[in-house]
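# Secondary and tertiary structure notes
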Amino acid sequence: MAESDFRLRPRLTIEDCPGEVFSIRFSQDGKYLAVGCGDGTIRVYTVSEDAAHLKYNLNVGPKDGLPMTAMRFRPVSARSKTQNVLLAVNADGTAQHWHITSGRRMHRIFDEENQLYCVDYTSSGDRFVAAGKDYSVKVYDEATKTLIADMRGGFGNNSPGHSNRVFSVKFVKEDPNLVVSGGWDNTVQVWDTRTEHSIRSFYGPHVCGDSVDVINGQIVTGSWRPEKQLQLWDLSTGKLIKDIPWNQGPSKVGEHCQLYATQFSKVDNGRFIAAGGSGSNEAKVFDHGNDDALVGMIAGLPRGVFTLDWCPNRPSLAVAGGDAAIRIFDVTRK
């Protein structure tokens, strides 16, 4: 087994969240960290080297709101000069655009018969995709906020689309016409937004959170199951590349980690993979550039890990979940 030259170093912990955390997201410059809470509120923190401060509180309302399930900061582009725009989806079926620095909700889409669990932007920010309870993967135009593709089926029996809830969607950075999605039906679908069909699918991953990611022609999946939970797949063929062994570190004997969140690192072209979940209530980082060797683990948590996010401009990772704490770690050389 290979050994990584890197380690995890604890940086800071945010402990003033009032309840469970279902989604977290860094802004592109790493200055802000948005936290989606179980009651539907969004807390936005400014993050420095050794401290985090609550700066904005969004979507404050009744305490019986539904969870804010996924969030993305809109990429800054020439088309949209407004910065600090956050897109958040909720289990109540809404997709909301927030201007975080003014606290203003700019737009709201209500998918009345649906619950939304996941969302993503193209790298240019011209479109976004959302999915959830109704098995459909929907693509919207960012400028007009109109639905431009409602993707439900595929070509023939080999890629018929999803048959159950969808919990993770990602645009392929190298080809923004492609969307990858996963959910409860144990399939990963590859969609072409031009034809509005699934063009490829493969069977295996049981996805229950934001645990599908894609970079450099490889898909990483995290499954909510006790074995073979972390896997790599080939985007172009749908073939399994490898299972990444979870128990490379001192996990408790008899306890398994069932994954809710999985993501390639952003700053270094996917050099690292982070994943976390429930059961053993832990998260781990693997060195994808060195045979997926274990870098470090975040263990001994009282509740499960529901969400994680890599910072876009440094090798830092934020992890959160059922115990309401947000923990930020840096990956450093040993």
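See the structure above.
Here's what I pulled together on the structure shown here.

Reading the values: the criteria
Residues numbered from 1 in each chain as written. Predicted model: local features only at pLDDT ≥ 70, side-chain atom pairs only at ≥ 80, totals over all residues. Heavy atoms only, no water. Helix = DSSP H or I, 4+ residues; strand = E, 2+ residues; numbered from the N terminus. Rg over C-alpha atoms; globule rule 2.2 N^0.38 Å. Buried < 20%, exposed > 50% of the residue type's maximum accessible area, 1.4 Å probe, protein only. Pairing = 2+ DSSP bridges. 1 Å grid on protein atoms, 1.4 Å probe; cavity = no way out; pocket = protein on both sides within 12 Å on 5 of 7 lines; lining within 4 Å. Points joined across faces, edges and corners; volume = space filled by probe spheres on them. Nonpolar A, V, L, I, M, F, W, Y, C, P; charged D, E, K, R; others polar. Axes fitted to C-alpha atoms, helices over the stretch in contact; angles between N-to-C directions. Contact = heavy atoms within 4.5 Å. Salt bridge = Lys/Arg side-chain N within 4 Å of Asp/Glu carboxyl O.

The number of helices and strands found in the protein is 0 helices and 28 strands. The C-alpha radius of gyration computed for the protein amounts to 18 Å, which stays within 12% of the reference 20 Å derived for 334 residues, consistent with globular compactness. Considered along the principal axes of its C-alpha atoms, the protein spans approximately 50 × 50 × 40 Å. For the protein, buried positions account for 56% of its 334 residues.

Take the pairing of strand β21 (residues 240–243) next. Pairing analysis gives 3 bridges linking strand β20 (residues 230–234) to β21, with the strands arranged antiparallel. If you follow L232 over to β21, its bridge partner there is K242.

Moving on to the environment of K81. With respect to the element layout, K81 can be found in the loop between β6 (68–73) and β7 (85–90). The exposed category is assigned to K81, whose relative accessible area is 72%. In this structure the C-alpha to C-alpha distance between K81 and G322, which are 241 residues apart in sequence, comes to 36 Å.

Moving on, we get to the layout of surface pockets. Looking at the largest pocket, its volume works out to about 730 Å³. If you go around the largest pocket, you meet 24 residues; those closest to its centre are R25, D120, S123, K173 and K266. Where the lining of the largest pocket is concerned, the elements lending two or more residues are β2 (21–26), β6, β10 (116–121), β14 (166–172), β18 (212–215) and β22 (257–264). If you tally residues by element for the lining of the largest pocket, the top one is β18, at 3 residues. In the lining of the largest pocket, the residues fall into 9 nonpolar, 7 polar and 8 charged. Taken as a whole, the second largest pocket spans an internal volume of roughly 400 Å³. F22, T69, F167, C208 and G209 are, among the 21 residues lining the second largest pocket, the residues nearest its centre. Only β2, β6 and β26 (305–310) provide two or more residues apiece to the lining of the second largest pocket. The residue makeup of the lining of the second largest pocket, split by class, is 13 nonpolar, 4 polar and 4 charged.

What follows covers the sheet that holds strand β19 (residues 218–222). Judged by pairing direction, the sheet is antiparallel, and its 4 strands sit side by side in the order β18-β19-β20-β21 without closing on themselves. Either end of the sheet is taken by a strand with one partner, and the two such strands are β18 and β21. Sheet twist, expressed as the mean angle between neighbouring strand axes with direction ignored, is 20 degrees.

Along the chain, the position of D111 falls in the loop between β9 (104–110) and β10. Classification of D111 by relative accessible area gives buried; the value is 16%. Discounting residues that sit within four places of it in the chain, D111 has contacts with G93, L116, D134 and K138.

Moving on, we get to the sheet that holds strand β24 (residues 282–287). Read across the open sheet, the 4 strands follow the order β22-β23-β24-β25; overall the sheet is antiparallel. Every interior strand has two partners, whereas the edge strands, β22 and β25 (293–298), have only one. Geometrically, the sheet is characterised by an average inter-axis angle of 25 degrees between neighbouring strands, direction not taken into account.

Turning our eyes to something else, we now look at unusual backbone geometry. Its identity as a non-glycine residue notwithstanding, K145 has a phi of 60 degrees, on the positive side. Judged by relative accessible area, K145 falls into the buried class, the value being 17%. In this structure, N186 takes a positive phi of about 65 degrees despite not being glycine. Secondary-structure assignment places N186 in the loop between β15 (175–183) and β16 (187–192).

As a further point, take the pattern of salt bridges. Within the structure shown, the criterion is met by 25 salt bridges. Between K334 and E3 there is a salt bridge, with its nearest N and O atoms 3.5 Å apart. With K334 in the segment after β28 (326–333) and E3 in the segment before β1 (6–14), the pair connects residues that are 331 residues apart, well separated along the chain. With relative accessibility at 58%, the residue K334 sits in the exposed group. For E3, a relative accessible area of 62% puts it in the exposed group.

When you tally the buried positions in β28, you get 6 out of 8 residues, the bulk of the element. As defined by bridge partners, β1 adjoins β28 across 8 bridges and the pair is classed as antiparallel. Note on β28: the bridge partner recorded for F6 is R333. Taken together, the 5 bridges between strand β27 (residues 316–321) and β28 define a ladder with antiparallel strand orientation. Considered in β28, the bridge of A318 is made with I328. A loop of 4 residues connects β27 with β28, the two strands running antiparallel in sequence, and A324 in this loop sits at a positive phi of about 75 degrees.

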